[in-house]
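Take a look at the letters that make up each chain.
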Amino acid sequence: MYNNELLQPAQFVNEQIAAIKEQVGNDIVILGLSGGVDSTVTAILIHRAIGDRLRCIFVDHGLLRKNEFEEVLARYRGMGLNVTGVRAADRFFAACKGITDPELKRKAIGKTFIDVFNEEARKVEGARWLAQGTIWPDIAESHSDKGVVKSHHNVGGLPEEMHLGLVEPLKYLYKYEVREVGAELGIPDEILKRHPFPGPGLGVRCLGELTPEKIAVLQDADKIWIDILREEGWYDKVWQAGAILVPVKTTGITDGRRTYAGVIALRAVNSVDAMTAEPVRLPWELLDRVQREIIATVDGVNRVVFDISTKPQATIEWE
Ligand code: XMP
C-alpha cells in the first residue's frame with residue numbers, strides 16, 4: 001500500500017521525490033534496469049528527483065525475450081535516462097553450464113548478475129547509493145516464515161559487497177500500485193502494461209541446463225505466443241504469459257514421417273499480487289493458432305501443451 005491507505009499516486013510521487021532528495025542529497029545513485037515495470041518506474045521516479053545523477057545499468061544476460069535488449073535500451077534512452085547497456089550473455093551461459101537444479105541455476109544467474117553489475121558499478125565514480133525496484137511481494141516471498149519458495153535475485157546480495165546505501169521507493173507497493181505510480185509519472189502503457197518478467201528471465205522457463213541453442217528455441221516460441229496474444233486482444237487481459245521449454249522429447253509426425261522433438265508449454269495466468277494465480281480460459285481457436293504456428297516454424301518442437309495449474313499448488317514460473 002502507498003504507506004497509508006488514503007495516499008494517492010500523485011501524493012506518493014511527490015512524497016517519494018522529496019524523500020529521495022533528502023536521502024541521497026547530491027550523491028550519485030546506481031540502478032540496475034531490467035526492462036520490467038518495477039525497475040523502470042523506480043528509475044523514472046528517481047530521475048525526477050535527481051536527474052542525471054542517476055546512472056542506470058542494463059545487463060543483457062542472454063535470457064531476455066527475443067530482441068528485447070536492443071528495443072528496451074533504445075526506449076530507455078528515449079525517456080532521457082542515462083543508461084549503460086552491458087552484453088554479458090556468454091558469462092551467464094558459462095556460469096550455468098552443467099547446472100540442472102533450479103535453485104542452483106537461480107543462484108548461478110544471480111551471482112553472475114552481481115559480478116557483472118559490480119564490475120560496471122565500480123566504473124561509476126562517486127556512487128554512494130544503489131536503487132532497486134523491489135516491491136512488496138518480492139520481500140514477502142523471500143522472507144516467508146515457511147522458508148524460501150524461490151530465491152528472487154533482486155532481493156539482497158548487492159549492497160554489502162559494494163558498500164552502497166539502498167534506495168527502494170516502491171518496496172511497500174503491490175504491482176498494480178506500481179503501475180498507477182508509473183502512469184502518474186507519464187510512463188507509456190507499452191511499458192506499464194508489460195507482463196511481469198522474472199529477474200532470471202527465460203532461465204527459469206528453459207528447464208534443465210541452459211544453452212544458447214535452447215534459449216533461441218524458447219525465444220522463438222515465446223514470441224509467437226506473445227504476438228498472437230497481442231494480435232487477438234488478449235495481452236492486456238492476461239496478467240502474465242510466457243512459454244516454457246520442457247526438456248523431454250516426444251514422438252510426432254510431419255509429412256508422414258516420424259519426428260522426435262521437444263515440447264513447449266504455454267502459461268497464461270491472472271493474478272492480483274502474484275501470491276495466487278489462475279490459468280486464463282483462452283479461446284480454443286487462439287490456442288490452436290499458437291500451436292500450429294509454433295510447430296510449423298520453430299525447429300526442434302513438435303508438441304505444444306497449455307498449463308492449467310493454479311498457484312498454489314503450482315507456482316507461476318516452472319522453476
Ligand atoms: P512464482 O513463480 O514464484 O512467481 O509464482 C511469482 C511472480 O514473481 C516472478 N518471479 C520473479 N521476479 N525475480 C523477479 O524479479 C525472480 O527471481 C523471480 N522469480 C519469479 C514471476 O514471474 C511471477 O510474476
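Each chain has its residues counted from 1, running along the sequence as written. Where local features are concerned, this predicted model is filtered to residues with pLDDT of at least 70; where side-chain atom pairs are given and counted, the filter is 80 or more; whole-chain, interface and lining totals use all residues. Think of the side-chain values as coming from all heavy atoms in the structure, minus any hydrogens and water.

**Description of the overall build of the protein**
Okay, so step 1: Starting at the N terminus, helices and strands are each numbered in turn, a helix being any DSSP run of H or I of at least four residues and a strand any DSSP run of E of at least two. Each helix and strand in the protein was counted, giving 11 helices and nine strands.
Okay, so step 2: The globule rule is 2.2 Å times the number of residues to the power 0.38, and the radius of gyration it is compared with is taken over C-alpha atoms. Taken over C-alpha atoms, the radius of gyration comes to 20 Å for the protein, in line with the 20 Å a tight globule of 319 residues would show.
Okay, so step 3: Across its three principal axes, the protein shows a C-alpha extent of roughly 70 × 40 × 40 Å.
Okay, so step 4: Sorting the 319 residues of the protein into buried and exposed places 53% on the buried side.
Okay, so step 5: Considering only contacts in the protein between residues 6 or more positions apart, those separated by 24 or more positions represent 75%. The buried label goes to any residue with under 20% of its type's maximum accessible area, the exposed label to any with over 50%, and the partly exposed label to all in between, with areas taken from a 1.4 Å probe on protein chains only. When checking whether two residues touch, look at their non-hydrogen atoms; a contact exists if any pair is within 4.5 Å.

**What to know about the state of the cysteines**
Okay, so step 1: By definition, disulfides here are pairs of cysteine sulfur atoms that lie within 2.5 Å. In total, this model carries zero disulfides according to the counting rule given.
Okay, so step 2: The structure places no disulfide on C96, whose sulfur is separated from the nearest cysteine sulfur, that of C206, by 10 Å.
Okay, so step 3: Classification of C96 as buried rests on a relative accessible area of 1%.

**Details of helix α3 (residues 68–78)**
Okay, so step 1: Where α3 is concerned, the buried positions are E68, F69, V72, L73 and Y76. Buried residues in α3, looked at end-on, bunch into an arc of 115 degrees, giving them a common side. For α3, exposure combined with an orientation more than 90 degrees from the buried face picks out A74 and G78. The arc under discussion is defined with respect to the helix axis, by the directions toward the C-beta atoms.

**Comments concerning unusual backbone geometry**
Okay, so step 1: Here the amide bond leading from K311 into P312 is cis, since omega sits at -20 degrees, within 30 degrees of zero.
Okay, so step 2: Relative to the helices and strands, P312 resides in the segment after β9 (301–306).
Okay, so step 3: Located in the positive-phi region is N67, a residue other than glycine, with phi close to 60 degrees.
Okay, so step 4: With respect to the helices, strands and loops of the structure, N67 is situated in the loop between β2 (54–60) and α3.

**Thoughts on the domain arrangement of the protein**
Okay, so step 1: These domain boundaries are the output of an automatic or database domain assignment. Under the domain assignment, the protein is made up of domain 1 (9–192) and domain 2 (205–306).
Okay, so step 2: Computed over C-alpha atoms, the centres of domain 1 and domain 2 are 28 Å apart.
Okay, so step 3: The partner domain 2 presents 20 residues to the 19 residues of domain 1 that form the contact.
Okay, so step 4: Note on definitions: buried area is the accessible-area loss of two parts on being combined, 1.4 Å probe, summed for both. Carbon and sulfur atoms supply 58% of the area buried between domain 1 and domain 2, which totals about 1500 Å² over both sides.
Okay, so step 5: The largest share of the area that domain 1 buries against domain 2 comes from R65, K66 and F93, three residues that together contribute 38% of it.

**Observations regarding the nonpolar core**
Okay, so step 1: Within the largest apolar cluster, 51 residues are counted, with the highest numbers of intra-cluster contacts made by I30, W225, L229, I264, L266, L282 and I294.
Okay, so step 2: Considering each element in turn, this core owes the most residues, nine residues, to helix α10 (residues 212–231).
Okay, so step 3: When residues of this core are assigned to domains, at least three fall in each of domain 1 (9–192) and domain 2 (205–306).
Okay, so step 4: Every residue in contact with L282, bar those within four places of it in the chain, is listed here: W225, L229, W234, V238, A268, L287 and F306. Here, the term nonpolar core denotes a set of buried Ala, Val, Leu, Ile, Met, Phe, Trp, Tyr and Cys residues that are joined through side-chain atoms within 4.5 Å.

**Let's talk about the packing of aromatic side chains**
Okay, so step 1: Planes of paired rings set the category: under 30 degrees apart is stacked, over 60 is edge-to-face and the rest tilted, where pairs are Phe, Tyr or Trp rings (Trp by its six-membered ring) whose centres lie within 6.5 Å. Tallied over the entire structure, the rule returns four aromatic pairs.
Okay, so step 2: Ring plane angle 20 degrees and centroid distance 5.7 Å describe the contact between F113 and F117, whose orientation is recorded as stacked. With F113 and F117 both in helix α5 (residues 102–122) and four residues apart, the pair spans about one turn of that helix.
Okay, so step 3: Taking 6.1 Å as the distance between ring centres and 35 degrees as the angle between the ring planes, the aromatic pair formed by W136 and Y172 counts as tilted. One end of the pair, W136, is in helix α6 (residues 136–142); the other, Y172, is in the loop between β5 (165–167) and α8 (175–184), and 36 residues separate them in sequence.
Okay, so step 4: Here W136 falls in the partly exposed class, since its relative accessible area comes to 31%.
Okay, so step 5: Using a relative accessible area of 43% as the deciding quantity, one classes Y172 as partly exposed.
Okay, so step 6: A cation sits over an aromatic face here: R230 above Y235, 3.9 Å from the ring centre. Placement of a positive charge over a ring is assigned whenever Lys NZ or Arg CZ falls within 6 Å of the ring centre and within 35 degrees of the normal to the ring plane.

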